[in-house]
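What the coordinates show
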Amino acid sequence: MSVTLANWREHPHSIWGFTHVERLLPVAAVAASALPAPLPNGESLDLARVSFSSEGRRLTVDEALGLTHTDGFLVLGHGQVLARRYINQPPDDRHILFSVSKSITAMLAGVLADEGHLDPDAPVTHYVPEARGSAYSDCTVRNLLDMTVSIRFTEDYLDPLGDVARYRVAMGWNPPGDGIAVEGLHSFIAGLPKAAHPHGWRFHYVSPNSDMLGWVVERAGGAPFATLLSRHLWQPMGAESTALITLDRHGAPRSAGGICTTLDDLGRFGEMLRRGGNRVIPESWIADIRERGDAKAWSRGEMTGLFPEGRYRSQWYVPEASGNELCAIGIHGQWIYIDFEAGLVAVKQSSQPIPADEALDRLSFAMFRAIAREFR
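A short tour of the structure in this document, coming up. No experiment lies behind these values; they were computed from the predicted model shown.

**Considerations on the overall build of the protein**
Looking only at helices and strands, the protein features 13 helices and 13 strands. Its C-alpha radius of gyration of 19 Å places the protein within 12% of the 21 Å reference for a compact globule of 376 residues. If you line up the protein on its principal axes, its C-alpha atoms span 55 × 50 × 45 Å. Within the protein, the proportion of its 376 residues that are buried is 62%. For the protein, the proportion of contacts with a sequence separation of at least 24, taken over those separated by at least 6, is 68%. Here the protein displays about 14100 Å² of accessible surface, and carbon together with sulfur accounts for 48% of that area.

**Things to note about the packing of aromatic side chains**
Throughout the structure, instances matching the rule amount to 18 aromatic pairs. Between Tyr 312 and Tyr 317, the aromatic rings sit 4.9 Å apart at their centres with planes inclined by 75°, giving edge-to-face as the arrangement. Here Tyr 312 falls in the buried class, since its relative accessible area comes to 4%. Under the relative-accessibility criterion, Tyr 317 is labelled buried at 3%. For Arg 254, the ring lying beneath its charged end belongs to Trp 173, and the centroid distance is 4.8 Å. Taking NZ or CZ as reference, Arg 290 lies 3.7 Å from the ring centre of Phe 340, over its face.

**A word on the pairing of strand β2 (residues 51-54)**
Going residue by residue along β2, you find Phe 52 and Ser 54 tucked away on one face and Ser 51 and Ser 53 left uncovered on the opposite face. Strand direction decides the pairing type here: β2 and strand β3 (residues 57-60), joined by four bridges, are antiparallel. Residue pairing across strands places Ser 51 opposite Thr 60, the latter belonging to β3. Count of turn residues in the β2/β3 antiparallel hairpin: two residues, of which Glu 55 carries a positive phi of about 50°.

**Describing the environment of Tyr 86**
For Tyr 86, the position within the fold is in strand β5 (residues 80-86). Sequence-distant contacts of Tyr 86, defined by excluding residues within four places in its chain, comprise Asp 71, Pro 91, Leu 263 and Asp 264. Among the polar contacts made by the side chain of Tyr 86, one reaches the side chain of Asp 264 at a distance of 3.4 Å.

**Some points on helix α11 (residues 283-291)**
Along α11, the residues that are buried comprise Trp 285, Ile 286, Asp 288 and Ile 289. All buried residues of α11 lie within an arc of 155° about the axis, which places them on one face of the element. Exposed and facing more than 90 degrees away from the buried side of α11 are Glu 283, Ser 284 and Glu 291. Contacts made by the buried residues of α11 are with α3 (100-114), α5 (141-146), α10 (263-274), β9 (311-313), β10 (316-318) and β11 (325-330).

**Some details on the packing of α3 against helix α8 (residues 207-221)**
At a closest axis distance of 10 Å, the pairing of α3 and α8 adopts a crossing angle of 30°. One way to sum up the angle between α3 and α8 is to call them roughly parallel. In the crossing of α3 with α8, the sense of the turn from one axis to the other is left-handed. Here α3 contributes Lys 102, Thr 105, Ala 106, Leu 108, Ala 109 and Leu 112 to the contact with α8, which in turn contributes Ser 207, Ser 210, Leu 213, Gly 214, Val 217 and Gly 221. Tallied by class, residues from the contact of α3 with α8 come to six nonpolar, five polar and one charged.

**Structural notes on the nonpolar core**
Formed by 129 residues in total, the largest nonpolar core has its most connected members in Met 107, Tyr 136, Leu 233, Phe 269, Ile 281 and Trp 316. The residues contacting Leu 233, other than those within four sequence positions of it, are Ile 104, Met 107, Leu 108, Val 111, Leu 228, Phe 269, Met 272, Val 280 and Ile 281.

**Things to note about the pattern of salt bridges**
Enumeration according to the criterion identifies 20 salt bridges in this entry. Here Asp 163 ties to Arg 166 by a salt bridge, and the two come within 2.3 Å at their closest N and O atoms. Linking Asp 163 with Arg 166, this pair stays in helix α6 (residues 163-171), spanning three residues, or about one helical turn. Two residues, Glu 325 and Arg 369, come together in a salt bridge whose shortest N-O distance is 2.7 Å. With Glu 325 in strand β11 and Arg 369 in helix α13 (residues 358-375), the pair connects residues that are 44 residues apart, well separated along the chain. A relative accessible area of 24% means that Arg 369 is categorised as partly exposed. One salt-bridge network, held together by shared partners, links Arg 142, Asp 146, Asp 288, Arg 292 and Arg 313.

**A look at helix α9 (residues 225-234)**
Among the ten residues in α9, eight count as buried, and that is most of the element. If you check which residues of α9 are buried, you get Phe 225, Ala 226, Leu 228, Leu 229, Ser 230, His 232, Leu 233 and Trp 234. For α9, the secondary structure elements touched by its buried residues are β1 (27-30), α3, α8, β7 (243-246), β8 (259-261) and α10.

**Topic: the sheet that holds β1**
Reading across from one edge, β1-β7-β8-β6 is the order of the four strands in this open sheet, with antiparallel pairing throughout. Each of the sheet's edge strands pairs with one partner strand only, and the pair in question is β1 and β6 (95-96). Relative to β8, β6 runs antiparallel, the two being bridged by two bridges. Bridge assignment links Ile 96 to a residue of β8, and that residue is Cys 260.

**Quick look at unusual backbone geometry**
Looking along the chain, the bond that leaves His 11 and enters Pro 12 is cis, with omega of 5°. For Pro 12, the location among the structural elements is in the segment before α1 (13-17). For Gln 315, which is not glycine, the phi dihedral falls at a positive 70°. Structurally, Gln 315 is set in the loop between β9 and β10.

About the cut-offs
Residues numbered from 1 in each chain as written. Predicted model: local features only at pLDDT ≥ 70, side-chain atom pairs only at ≥ 80, totals over all residues. Heavy atoms only, no water. Helix = DSSP H or I, 4+ residues; strand = E, 2+ residues; numbered from the N terminus. Rg over C-alpha atoms; globule rule 2.2 N^0.38 Å. Buried < 20%, exposed > 50% of the residue type's maximum accessible area, 1.4 Å probe, protein only. Contact = heavy atoms within 4.5 Å. Areas by Shrake-Rupley, 256 points an atom, 1.4 Å probe, with all protein chains shown as cover. Phe/Tyr/Trp six-rings, centres within 6.5 Å; stacked < 30°, edge-to-face > 60°. Lys NZ or Arg CZ within 6 Å of the ring centre and 35° of its normal. Pairing = 2+ DSSP bridges. Polar contact = N/O pair within 3.5 Å; in protein donor to acceptor, adjacent residues only side chain to side chain. Arc of directions from axis to C-beta. Axes fitted to C-alpha atoms, helices over the stretch in contact; angles between N-to-C directions. Parallel < 35°, antiparallel > 145°, perpendicular 65-115°, else oblique. Left-handed = near helix turned anticlockwise from the far one by under 90°. Nonpolar A, V, L, I, M, F, W, Y, C, P; charged D, E, K, R; others polar. Core = buried A, V, L, I, M, F, W, Y, C linked by side-chain atoms within 4.5 Å. Salt bridge = Lys/Arg side-chain N within 4 Å of Asp/Glu carboxyl O.

Geometry only, nothing functional implied.
Right under this line is the structure:
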């Protein structure tokens, strides 16, 4: 089976492509820690025994993992490994996280904000003057973080000639096609037009916002994105393995979707958040995510089918008003799920054939909640 730049995200090529991104795209290395944080084993959780209902079906967690094309799955209870499954990947494979990358990028922004290098309420153009004349001309970094930028961009992953197709050529994820000009990622996102409504009014999920956030982070931090990610998150949290981030042809990082890491290090990241940042990420930044976010802006958005009472804050989904749960979600079935009350973290790496499959997202969310109930 030949996997190429033209088919690496198409099933079944994606099973290999998602864990061998460095063989297909230029990448930058995110250095790990010299002292990895331990992941000790806890009491084993039998995933074949835990069951739940989802849209009229009774399933076990094992069955759900199969239905959602899971490649790797890890459950941590109070920092201990309760379950770990490697299905389509060995332990050292670095799986692309897609939009879970957004949630990691926002935590890096939180560290820089705490250190005084980044002001979330500042205009985007304070850091990236190249954005003048675009949708980002008069929005703030907070609008980027909360996906409330007024922008004309349609996040349709399946339209071969739409906004996302042009975007993927710009970031280097697709080969150039007929009628699609070749430009760099920064040039592309700095040319996107504004919509009619004001910034802040509506949640509108647009991946270029998170690539713009990565550009802001580089400018605020004064170093390449991979260097900042290693310095401020990967090494302090005790990552065991070098992570990767994809780059465009000019070296711009794909902070919205290009981070690739091992299953265990993704679990370490989630556990760090569950522990209130563990002195790496400001506890106040995590508390802000759990407690704030504009429910009205969310209600005007397009994702209320998954979390009807949800919010979105600093690139994290807050499913309910209590703020007890946080989710980071990426296309093709990537997840971080945190239940603070239960002390539970679950991470999932997958190769679902359809990029945005809301039915499988609902199934996965029901599965995570069932595991949290079992652990309590």
